[in-house]
Amino acid sequence: MNSDHLGAFGLVLVLTCTALAAHGSTHLFTDQTTVAGINASTGISSVSPILGGGVVVDFNLDGWQDIYYPSGGNGADKLYLNNADGTFSDVAAAWNINLTHRSSAAAVGDYNNDGLPDIFVTCFGSGADPQMGAHHLFRNTGTGFVDESVAAGVNSCSTIEPDGFGGAWGDIDLDGDLDLAISGFFDEETGNCLMRNNGDGTFTDITTVSGLRPSINGLAGYTPYFIDMDHDRYPELIWIGDFSTSLYYRNDGDGTFTDQTSSSQTSMDFSEMGMTVADWNEDGWFDFYVSTIGTNNLYINQGNHVFVEQAEAAGVMVGGFGWATLSADIDNDSRPDIVTVAEVGRSYTFLNLTQGGVLNFEEVAESIGLDAARDGRGVARFDYDNDGDQDLIFFPSGRPVILMRNDLSGSDTNWLRLFLDKDGVKNLPTAGVGSSVRVYTGNRVLLNRIQANSNYLSQSEASAHFGLGSVGRVDRVVVEWSNGMLTELNNVDANQTLSLKPQYYLRDGFE
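Just so it is clear, the model here is predicted, and its values are computed rather than measured.

Enquirer: Help me out: how do you make sense of the pattern of salt bridges in this one?
Expert: Two side chains bearing opposite charge may form a pair once their charged atoms approach each other closely. Under the counting rule described, the total for this entry stands at 14 salt bridges. Between E343 and R377 there is a salt bridge, with its nearest N and O atoms 3.9 Å apart. Taken together, the positions of E343 in the loop between β24 (337-342) and β25 (347-352) and R377 in strand β27 (residues 376-382) put the pair 34 residues apart, joining distant regions of the chain. On the basis of relative accessibility, which here comes to 2%, the residue R377 falls in the buried class. For R417, the salt bridge is made with E461, and the minimal N-O distance between the two is 3.1 Å. Note that R417 is positioned in strand β31 (residues 414-420) and E461 in the loop between β33 (444-449) and β34 (464-469), a separation of 44 residues in sequence.

In structure tokens form, the structure reads like this:
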């Protein structure tokens, strides 16, 4: 691709351009925790044994993904900056985020639109007993963090008892700033909140006026998730909860939501825990997968906010005592796979073998080295070594964090990894959160998205990663930004990480 071609589309391509070795054919994960210098572990049983998560993001904007880990009171929280050589250094003290407190989970999003990723941390306080009003919103200065939680009005959600099981960021009104969902499990009456970003560094609780209450009352909340399910750009809010309390809210586009849990044919299990999203049957619609205790659910999008559950038929129903789950093309064959963590004994990895829209997965965790996250809670995907395949980090409960490097090789392992740069456009969130990305190759259209969601107390890198198999060049890449702008690039070579900016025109609809 020449510079004239790139200029015609107003794109900036940066970061890495790395080719994978094309010899042999293996997908195997190896434990790099000790080599990488990561020595964190959880110890949160004093609050709840079902907590344990973390997030990955490029905090210092150097092109390498970093790790933040809320330790839950077992020593200080950790901030591992990526040294770009396979190792990490804990700089939590230097960055003023090394608190020793009952931190339970984190969610990353740039709430003040200064281009730097900030961190919301749910917390049960720092004293001998759990405390209310202890959540933190850490504003990123580029070299450290400042706690703005009280000034922003997000230090508390529950008004009855200490609670906090993480959060998620999403632009519910498409005004360009990120709103915040805060999840609570213990306080089912007031423990789950939706906070609107006022654009001035403060938030307003709109749980009631947005229409979530009263149906959200009774939610034993775990995993809030913003995702556009009907192609109108406004993100729906799917809130996964225990004890048959999961909820599906349609975004009405006017600042309100409508509860469509029953008509959507979702919330079908007594014990739903974590959630992830992908277009597994390649029909152009996002589906979602929910981990449970033993009988996971795969909700396939039929359009018009109706879903059909197909986990058993697809081969992804049995996943143990499930908690976090994520979708990632771990073998770069162009089909998104599923990884789940379970409370007892092992994790599960389902390779996507789907052909012609007929869903088909094979469980392979043991054979590829991903069965060892005993007593798992959280998990995140990221390419920490910038080599084009997706690595994983597991956040168990009461055990050391586990970093698993993807040592993928083979001739059919091409890829594209896309980040979004809003380039100063005011009505877009930083990193393009909420935008969808499509890759066109032959007669296939691969769909992905940029998100800032929880999969259960954990959050993955804000990229759209595509495995391409044997394809060395794709016909077209199209980004539909959350404000309706489009970015389009033709004849894109595989095996590069791109950063794309929006083009300054609008087009109705989307191909």
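So that's the structure; there's more coming.
Enquirer: Even after reading the chapter, I still don't get the state of the cysteines, so can you show me in this structure?
Expert: Simply put, the disulfide is a covalent bond whose two ends are the sulfur atoms of two cysteines. Applying the stated rule across the entire model yields 1 disulfide. The partner cysteine of C157 in its disulfide is C193, sulfur to sulfur 1.9 Å. On the S-S bond that ties C157 to C193, the torsion sits near 105°, and the link is right-handed. Taken together, the residues C157 in the loop between α3 (149-152) and β11 (167-170) and C193 in strand β13 (residues 193-197) connect sequence positions 36 residues apart. On the accessibility criterion, C157 (9% relative accessible area) is buried. Here C123 is not cross-linked by a disulfide; its sulfur's nearest cysteine counterpart is in C157, at 14 Å. Its relative accessible area of 2% is what places C123 among the buried residues.

Enquirer: Any chance you could explain the environment of V55 here in plain terms?
Expert: Inspection of the secondary structure assignment puts V55 in strand β3 (residues 55-57). Between the C-alpha atoms of V55 and Y248, which are 193 residues apart in sequence, the distance is 25 Å. Discounting residues that sit within four places of it in the chain, V55 has contacts with D66, I67, Y68, A106, A107, V108, F395 and Q459.

Enquirer: Quick question: what am I supposed to make of the sheet that holds strand β2 (residues 29-31) here?
Expert: Two modes of strand pairing occur in sheets, parallel and antiparallel, and in both the strands are linked by backbone hydrogen bonds. The antiparallel open sheet is built from 4 strands, whose spatial order is β2-β29-β28-β27. The open sheet has two edge strands, β2 and β27, and neither has a second partner. When the angles between neighbouring strand axes are averaged without regard to direction, this sheet yields 25°. As paired strands, strand β28 (residues 391-396) and strand β29 (residues 402-406) are joined by 3 bridges and run antiparallel to one another. If you follow I393 over to β29, its bridge partner there is L403.

Conventions used here
Residues numbered from 1 in each chain as written. Predicted model: local features only at pLDDT ≥ 70, side-chain atom pairs only at ≥ 80, totals over all residues. Heavy atoms only, no water. Salt bridge = Lys/Arg side-chain N within 4 Å of Asp/Glu carboxyl O. Helix = DSSP H or I, 4+ residues; strand = E, 2+ residues; numbered from the N terminus. Buried < 20%, exposed > 50% of the residue type's maximum accessible area, 1.4 Å probe, protein only. Disulfide = S-S within 2.5 Å. Contact = heavy atoms within 4.5 Å. Pairing = 2+ DSSP bridges. Axes fitted to C-alpha atoms, helices over the stretch in contact; angles between N-to-C directions.

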